[in-house]
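Here's the letter readout for the chains.
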Amino acid sequence: MTTVARLAPFATTIFAEMSQLAVEHDAINLGQGFPDTDGPQSMLDAARAAIADGQNQYPPGPGIPALRQAVADHQSRRLGIDYDPDTEVLITVGATEAIAAAVVGLVEPGHEVVLIEPFYDAYAAATAMAGAFRSTVPLVADGDGFVLDRDALATTITDSTAMVIVNSPHNPTGTVLSDDDLAAIADACIRHDVIVLSDEVYEHLVFDGRPHATIAALPGMAERTLRVSSAAKTFNVTGWKVGWISGPARLIAAARTAKQFMSYVGSGPFQPAIAHALDHEMEWVDASCAALERKRDLLSGALREVGFDVHRTEGTFFVCADPRPLGYTDGEQLCRDLPARIGVAAVPVSAFVDRRDNWSHLVRFAFAKRDEVLVEGAERLRALRR
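- Going by what an unreviewed UniProt entry lists, the chain is known as Pyridoxal phosphate-dependent aminotransferase and is assigned to Williamsia herbipolensis.
- In its Sequence similarities (unreviewed entry) section, the UniProt entry covering the chain states "Belongs to the class-I pyridoxal-phosphate-dependent aminotransferase family."
- The annotation that UniProt attaches to the chain under Cofactor (unreviewed entry) is "pyridoxal 5'-phosphate".

### Description of the overall build of the chain
Thought 1: Within the chain, the secondary structure is distributed over 13 helices and 14 strands.
Thought 2: Here the chain has a C-alpha radius of gyration of 20 Å; the compact-globule value for 386 residues is 21 Å, and the two agree.
Thought 3: Considering only C-alpha atoms, the chain reaches an extent of 60 × 55 × 50 Å along its principal axes.
Thought 4: Across the 386 residues of the chain, 58% fall into the buried class.
Thought 5: Across the chain, the fraction of contacts at a sequence separation of at least 24, relative to all contacts at a separation of at least 6, is 75%.
Thought 6: Accessible surface, the chain: about 15400 Å² in total, of which carbon and sulfur atoms supply 50%.
Thought 7: If the 33 positive side-chain charges of the chain are averaged to one point and the 51 negative ones to another, these points end up 4 Å apart.

### Considerations on the packing of helix α1 (residues 14–24) against helix α12 (residues 331–342)
Thought 1: Across the interface, α1 lies against α12 with an axial gap of 9 Å and an inter-helix angle of 20 degrees. Considering the angle they form, α1 stands roughly parallel to α12. Counted together, Ile-14, Glu-17, Met-18, Leu-21 and Ala-22 of α1 and Cys-335, Arg-336 and Pro-339 of α12 form the full contact between these two elements.
Thought 2: Residues belonging to the contact of α1 with α12 are distributed by class as follows: six nonpolar, no polar and two charged.

### Some words on the sheet that holds strand β3 (residues 112–117)
Thought 1: Read across the open sheet, the eight strands follow the order β2-β9-β8-β7-β6-β3-β4-β5; overall the sheet is mixed. Each having just a single partner strand, β2 (89–92) and β5 (145–148) make up the two edges of the open sheet. Within the sheet, the average angular offset between the axes of one strand and its neighbour, ignoring direction, is 25 degrees.
Thought 2: As defined by bridge partners, strand β6 (residues 161–167) adjoins strand β7 (residues 195–199) across five bridges and the pair is classed as parallel. Looking at the pairing, Asn-167 lines up with Asp-199 of β7.
Thought 3: The sheet strands contacting helix α3 (residues 65–79) are β2, β8 (225–230) and β9 (243–246), and the helix crosses β2 at an angle near 115 degrees.

### A few points about the nonpolar core
Thought 1: With 68 residues, the main nonpolar core has Val-103, Leu-197, Ile-245, Leu-303 and Phe-365 as its most contacted residues.
Thought 2: Of the residues forming this core, the biggest block, seven residues, is contributed by helix α4 (residues 94–106).
Thought 3: By size, the runner-up hydrophobic cluster in this structure holds 28 residues, among which are Ala-46, Ala-47, Phe-235 and Ala-277.

### A few points about the side chain of His-361
Thought 1: Structurally, the position occupied by His-361 is in the loop between β13 (347–348) and β14 (363–366).
Thought 2: Residue classification places His-361 among the buried positions, given a relative accessible area of 9%.
Thought 3: Looking at His-361, its side chain comes within polar contact range of the side chain of Arg-324, at 3.3 Å.
Thought 4: Setting aside its immediate chain neighbours within four residues, His-361 contacts Ala-321, Asp-322, Pro-323, Arg-324, Thr-329 and Gly-331.

### A few points about α4
Thought 1: Across its 13 residues, α4 extends 19 Å between first and last C-alpha, which sits within 8% of the 18 Å expected from 1.5 Å per residue.
Thought 2: Of all the residues in α4, the buried ones are Gly-94, Ala-95, Glu-97, Ala-98, Ile-99, Ala-100, Ala-101, Ala-102 and Val-103.

About the cut-offs
- Residues numbered from 1 in each chain as written.
- Predicted model: local features only at pLDDT ≥ 70, side-chain atom pairs only at ≥ 80, totals over all residues.
- Heavy atoms only, no water.
- UniProt positions renumbered as here; feature names shortened; annotations may be inferred.
- Helix = DSSP H or I, 4+ residues; strand = E, 2+ residues; numbered from the N terminus.
- Rg over C-alpha atoms; globule rule 2.2 N^0.38 Å.
- Buried < 20%, exposed > 50% of the residue type's maximum accessible area, 1.4 Å probe, protein only.
- Contact = heavy atoms within 4.5 Å.
- Areas by Shrake-Rupley, 256 points an atom, 1.4 Å probe, with all protein chains shown as cover.
- Lys, Arg positive; Asp, Glu negative; His and termini not counted.
- Charge placed at Lys NZ, Arg CZ, Asp CG, Glu CD.
- Axes fitted to C-alpha atoms, helices over the stretch in contact; angles between N-to-C directions.
- Parallel < 35°, antiparallel > 145°, perpendicular 65-115°, else oblique.
- Nonpolar A, V, L, I, M, F, W, Y, C, P; charged D, E, K, R; others polar.
- Pairing = 2+ DSSP bridges.
- Core = buried A, V, L, I, M, F, W, Y, C linked by side-chain atoms within 4.5 Å.
- Polar contact = N/O pair within 3.5 Å; in protein donor to acceptor, adjacent residues only side chain to side chain.
- Expected span 1.5 Å × (residues − 1).

Here it is as structure tokens:
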């Protein structure tokens with residue numbers, strides 16, 4: 001017996017491979033996007049209290065009412081979008097389950113899902129699990145950053161497209177899609193009657209005074225958009241696996257139909273803690289974002305000093321760097337060599353694409369680490385220019 005053909009390409013992830021190399025060589029892991037500090041103390045205390053109070057059995061299938069209400073209130077306050085917490089908010093086991101449930105619940109086998117390339121690998125895996133196929137619209141260079149290829153967008157989204165997955169702030173490039181890019185996607189989806197799955201897990205990690213914009217708020221989009229977010233990146237609890245998906249009741253019902261046979265429920269004692277954090281700890285989130293902006297500058301500056309060309313990061317945990325000025329043209333090979341050679345782990349951007357030509361050289365580094373870790377990583381990277 002072997003893994004079914006549609007899932008065989010996903011047997012292992014680049015994140016797991018690079019993290020394993022980091023462990024083997026005692027390397028600083030700047031590859032996988034997880035922070036190395038905890039979230040707000042009151043949230044951690046709320047989780048302990050929930051465990052002590054016996055909230056350790058199955059929570060309600062859609063999520064506990066307090067968290068669904070907190071999610072709805074949070075989106076109303078920050079985005080001006082009103083969701084019914086009873087029918088339009090679903091709590092999931094992280095954003096990854098939200099994505100998989102939406103794709104499996106709404107896309108028929110053999111139908112098309114359009115991704116923005118580079119794309120987080122979970123999108124491709126969810127598409128394969130649904131028995132669908134993927135097409136891509138690339139980001140293209142724009143100075144030291146990236147923008148959406150709108151010409152490709154216009155030809156890729158058609159009446160045959162079932163769903164478009166949008167990710168902004170964008171992993172792996174750190175791009176924040178412009179208002180014009182979001183409007184172009186919205187226009188194409190309205191014209192061709194396409195559902196949008198908007199992955200906004202980095203919505204609170206937008207830098208340089210930029211506001212976060214959601215495609216769900218654009219005219220004609222509320223009724224066709226499922227919006228995904230998560231506590232993991234917002235509150236530094238990637239291991240708690242508390243995510244949510246919001247949107248029209250009919251689309252949420254489809255996602256819930258699939259979700260209930262993936263995990264049924266999860267994160268029982270953590271759900272009240274995240275509800276507390278959404279209601280009371282957004283000042284902590286704002287301070288965390290400011291700290292991450294400074295960490296971005298620290299790592300980006302160190303990479304430039306070493307000799308990398310560095311792309312601008314507008315949000316997320318990540319900075320993309322071009323090692324060709326140092327003589328390295330293959331980002332994947334460089335990432336496989338780095339842990340043993342200098343004791344640093346990173347991830348090649350080629351792991352996020354179907355078409356490697358324009359991306360095979362780029363390397364993604366994560367900066368959501370303590371300052372001393374970033375400083376030590378920068379010192380080790382200097383060995384590349386010796």
